[in-house]
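# Chain and residue survey
Residues per chain are reported as follows:
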Amino acid sequence: AGTARGSAFTSTDGGKSWRRLSGSLKPHQEPTLRMKLVDTRLPRTPIHAIAGARLPADKPTALTYVLAATGYGVFSWDGAGWTSIVTGLEDPFSIGGGSVSTHQLAFGKSLVGVATNQGLFLSTPIQSRDKWVWKPTGENAIDGVPIVHIAATALGEWCVVTASGLWCSEDDGTSWTPVAVPGHR
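On a predicted model such as this, the values are computed, not experimentally measured, just so you know.

## Here we look at the state of the cysteines
Linking two cysteines covalently via their sulfur atoms produces the bond known as a disulfide. As enumerated under the stated definition, the model contains 1 disulfide in all. For Cys 159, the disulfide goes to Cys 168, at an S-S distance of 2.3 Å. Its S-S torsion of approximately 105 degrees makes the covalent link between Cys 159 and Cys 168 right-handed. Look at Cys 159 and you get partly exposed, because its relative accessible area is 28%. When its relative accessible area of 16% is taken as the criterion, Cys 168 is described as buried.

Structural data, given as structure tokens:
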């Protein structure tokens, strides 16, 4: 669960008890042998979405991924702290290099999707959780436009809602087709 103040919590007993996924300030030695503190906490901003999955789900070596979408981009939990994974989510219109506004997450068959104010971005989950690269779908109708809602299945089916309607993919985000919705023009 995510909160409006940037905290994330997990429960392993159906919600009877909760543990905070907090992170900390950790010392890190740089190649120059200089020590610096690395902040593995979430920023103090609302968590818009939090999602988790074991991928690839059909493999015994599946890894558990927990992601949080915030006003500062997407963060990945590694069991001890949070890592910013915003490569590819940089906002071209932001002064100072901020990331696009992220507000929903979905796990598909082999991809993770993040709905943003600049379209849908997809990434392949990577074991090295700080090396993710988010890419737009390549579908002009949904790239660069705000995504209202996102949904995905473990079969690789994706659907997104934009101001122009419903778009779906049956091939894990490779191609997208508009879907007629009764009563929507």
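On we go from here.
## Observations concerning the pairing of strand 15 (residues 165-169)
Burial within strand 15 is extensive, with 4 of its 5 residues counted as buried. Here 5 bridges tie strand 14 (residues 158-162) to strand 15, and the two strands are oriented antiparallel to one another. Across the sheet, the residue bridging to Val 160 is Trp 167, located in strand 15. In this structure, the hairpin formed by strand 14 and strand 15 is closed by a connection of 2 residues. Of the pairings in the sheet, the one linking strand 15 to strand 16 (residues 177-179) comprises 3 bridges and is antiparallel in character.

## Overview of the confidence of the model for the protein
Per-residue confidence for the protein gives a mean pLDDT of 79; residues scoring 70 or more make up 82%. Model confidence for the protein, summarised as mean pLDDT per element, is weakest for strand 3 (residues 25-29) at 67 and strongest for strand 13 (residues 149-152) at 92.

## Focus: the nonpolar core
Nonpolar side chains in soluble globular proteins generally cluster together in the buried interior. Counting 16 residues, the largest nonpolar core has Leu 67, Val 74, Leu 89, Leu 105, Phe 107, Val 114 and Trp 134 as its most contacted members. Among the secondary structure elements, those contributing two or more residues to this core are strand 5 (47-55), strand 6 (63-70), strand 9 (102-107) and strand 10 (112-116). Counting residues in each nonpolar core, the second largest holds 12 residues, with Ala 106, Leu 111, Ile 150 and Trp 167 among its members.

## A closer look at the sheet that holds strand 12 (residues 135-136)
With respect to topology, 4 strands assemble into an open sheet ordered 9-10-11-12, the strand pairing being antiparallel. The open sheet has two free edges, formed respectively by strand 9 and strand 12, since each of these has just one partner strand. Taken together, the 5 bridges between strand 10 and strand 11 (residues 119-123) define a ladder with antiparallel strand orientation. What sits directly across from Ala 115, in strand 11, is Leu 120.

## Re unusual backbone geometry
A positive phi angle is found at Asp 172, which is not glycine, with a value near 60 degrees. Here Asp 172 shows up in the loop between strand 15 and strand 16.

## Quick notes on the sheet that holds strand 13
One open sheet accounts for 4 strands, arranged 13-14-15-16; its pairing is antiparallel. The sheet is open, and its two edges are formed by strand 13 and strand 16, each paired on a single side. Averaged over all pairs of adjacent strands, the angle between strand axes in this sheet comes to 25 degrees, irrespective of strand direction.

## A word on the environment of Glu 139
Summarising the element assignment, Glu 139 is placed in the loop between strand 12 and strand 13. For Glu 139, the residues in contact, after removing those within four places along its chain, are Trp 167 and Trp 176.

Calculation criteria
- Residues numbered from 1 in each chain as written.
- Predicted model: local features only at pLDDT ≥ 70, side-chain atom pairs only at ≥ 80, totals over all residues.
- Heavy atoms only, no water.
- Disulfide = S-S within 2.5 Å.
- Buried < 20%, exposed > 50% of the residue type's maximum accessible area, 1.4 Å probe, protein only.
- Helix = DSSP H or I, 4+ residues; strand = E, 2+ residues; numbered from the N terminus.
- Pairing = 2+ DSSP bridges.
- pLDDT = per-residue confidence, 0-100.
- Core = buried A, V, L, I, M, F, W, Y, C linked by side-chain atoms within 4.5 Å.
- Axes fitted to C-alpha atoms, helices over the stretch in contact; angles between N-to-C directions.
- Contact = heavy atoms within 4.5 Å.

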